[in-house]
Amino acid sequence: MWLLTLYRSTIGKKVIMAVTGLMLVGFVIVHMAGNLQAFLGANKLNGYSAFLKSTGELLWLARLGLLAALIAHVTMALQLTQIARRARPTGYAKRIPQVSTLASRSMRWGGVLLLVFIVFHLLHFTTGTIFPMASVPGAAFSETDVYDNVISAFRTPWVVLVYVVAMFFLMLHLFHGAWSSVRTLGLTKPTPRPLERKIATAIALVVWLGFTVVPVAVFFGVIR
Ligand code: HEM
């Protein structure tokens, strides 16, 4: 079957990475925009969270879709890394990067860091397993008061640091992933100054800023 043949080829695996990566980019943009409602107060953010939870099966469908995209994305990354390693079992004696960027060179280990962050993040804000934060007396995880969870969490410096650093790596990953996926899918033609690179830069910067501003604003008391 052609689908299986595609899956078995390196380009097929790259196409799966690109499609699932773009799905995840879509999610982070929506999530970032949703988080910005923290600036509009507790009612707005908690109302948004309650609305999402009230969609029931739809929410689960979206969760399953996201999880499937993430698993496929990571599996393809592992397989492609293995293929690349097999093709060059001994590394270069000396490697001076010519045209690669920090973003492209950090895709593999940056991706692993993001995966660790996602697990931490779900245990933090979704299940509340690693709540309350020790340095905030009386802080307790609430299933319904997402706003309070956010305020309690980001009063603790190391938690803010974890999120700020993770969002920096997300920015790098998004920048390279967003434009290279468009290339993989052959949606644009190679040019010296590709438009998709500009769009990827804009997406990476907006997502980085939009996510980072919330923990930083809580920490400095702008959101309270
Ligand atoms: C500063 C950055 C971020 C903040 C402040 C933040 C905040 C939150 C909060 C408060 C929730 C719980 C929402 C609720 O229960 O209604 C949540 C859920 C979630 N976040 Fe984030 N988030 C951030 C970054 C990210 C990133 C970068 C990703 C993915 C790459 C991510 C993925 C998720 C997922 C998958 C959920 C679970 C959604 C569900 O319940 O199905 N978050 N986030």
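So, here is what we can say about the structure in this document.

Thresholds, definitions, all that
- Residues numbered from 1 in each chain as written.
- Predicted model: local features only at pLDDT ≥ 70, side-chain atom pairs only at ≥ 80, totals over all residues.
- Core = buried A, V, L, I, M, F, W, Y, C linked by C-beta atoms within 7 Å.
- Buried ≥ 20, exposed ≤ 12 C-beta atoms within 10 Å, placed from the backbone.
- Helix = DSSP H or I, 4+ residues; strand = E, 2+ residues; numbered from the N terminus.
- Contact = placed C-beta atoms within 7 Å.
- Near = placed C-beta within 6 Å.
- Nonpolar A, V, L, I, M, F, W, Y, C, P; charged D, E, K, R; others polar.

## Digging into the nonpolar core
Turning to step 1, where the next piece is worked out: Among the nonpolar cores identified, the biggest contains 27 residues, and Leu170, Met171, Leu174, Phe175, Ala204, Val207 and Trp208 are the most heavily contacted of them.
Turning to step 2, where the next piece is worked out: Only helix H7 (146-153), helix H8 (157-184) and helix H9 (195-219) provide two or more residues apiece to this core.
Turning to step 3, where the next piece is worked out: Here this core takes ten residues from H8, the largest share from any one element.
Turning to step 4, where the next piece is worked out: With near-sequence residues (within four places) excluded, valine 207 lies in contact with Val28, Ile29, Met32, Leu170, Met171 and Leu174.

## Here's the deal with the site of the ligand
Turning to step 1, where the next piece is worked out: Residues in contact with the ligand amount to 19 residues; listed here are only the nearest, Ser49, Phe125, Val146, Tyr163 and Phe211.
Turning to step 2, where the next piece is worked out: Listing elements by their share of the shell around the ligand, those giving two or more residues are helix H2 (10-35), helix H3 (42-54), helix H6 (107-126), H7, H8 and H9.
Turning to step 3, where the next piece is worked out: The element contributing the most residues to the shell around the ligand is H6, with five residues.
Turning to step 4, where the next piece is worked out: Looking at the shell around the ligand residue by residue, the classes come out as 13 nonpolar, five polar and one charged.

## Comments concerning H7
Turning to step 1, where the next piece is worked out: Burial in H7 covers these residues: Val146, Tyr147, Asn149, Ser152 and Ala153.
Turning to step 2, where the next piece is worked out: Lining the buried residues of H7 we find H3, H6 and H8.

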